[in-house]
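# An overview of the molecular structure
Now for the letters of each chain:
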Amino acid sequence: ACYVILSALVAPAIINLGVEPLAAHFFVFYYGVLSAITPPVAVAAFIASGISKSPPLGTAVESVKLGIVSFIVPFMFVYGPELMMIGTVQEIVLVIISSIIGVISMSISVEGYFVGRANWLERVLLAICAIFLLETSLYSDLIAYPIIIVILIVHWYRHKKSGTKGSLVETTKTENI
């Protein structure tokens, strides 16, 4: 029902802006599905809070935090129609690789964890790089990739040197003790 309403009201406006029709429909469909976890509607989050007997708004906020990367994916459809398999094989492969790296970078940034706890500078830089990877041009990729590589190498080396086990569960258990 949500997609039917959005495809009738919003998709034509997005298509008029010059977006590929398939990408526009995926955009509205994806955001229609995401409405299940975003407050104030957050139907799925409120159901989950009832099952887990947790505060409804807290569960909804946590669901948004865990799903924040999902809010970026529809924009990838718009800026990179190659994700819809529109384009040459080479363009499609490059955009898919760029998107995967961008999603991983944003996930590390939001959760603050890769091999060990990420500091605020790593998190901010990874979020900026993920936004650069939203725009699927070679130039934005050439800016983001070296920064991501340096951040991850420094992060890995710092945690390997400090002896971090690499498990979020183990780190959390030792912090609670």
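Structure shown above.
Structure report, in brief. Everything numeric in this text was worked out from a predicted model, so none of it was measured. (Residues numbered from 1 in each chain as written. Predicted model: local features only at pLDDT ≥ 70, side-chain atom pairs only at ≥ 80, totals over all residues. Heavy atoms only, no water.)

## Some words on empty space enclosed by the protein
Evaluated as defined, the whole model comprises 1 cavity of 30 Å³ or more. Within this model, the largest cavity holds a volume of roughly 30 Å³. Residue lining of the largest cavity: V69, I72, M76, G102, V103, M106 and A130, and that is the complete set. Per element, the largest residue contribution to the lining of the largest cavity is 3 residues, and it comes from helix α7 (residues 89-111). (1 Å grid on protein atoms, 1.4 Å probe; cavity = no way out; pocket = protein on both sides within 12 Å on 5 of 7 lines; lining within 4 Å. Points joined across faces, edges and corners; volume = space filled by probe spheres on them. Helix = DSSP H or I, 4+ residues; strand = E, 2+ residues; numbered from the N terminus.)

## Quick look at the layout of surface pockets
Reported here for the largest pocket is a volume of approximately 170 Å³. As for the largest pocket, its lining consists of E82, E91, L94, V95, I97, T136, S137, L138, D141 and Y145. Elements with a minimum of two residues in the lining of the largest pocket: α7 and α9 (138-162). Broken down by element, the residue count for the lining of the largest pocket peaks at 4 residues, all from α7. A breakdown of the residues in the lining of the largest pocket according to their chemical character gives 5 nonpolar, 2 polar and 3 charged. (Nonpolar A, V, L, I, M, F, W, Y, C, P; charged D, E, K, R; others polar.)

Coordinates in, geometry out; function isn't part of it.
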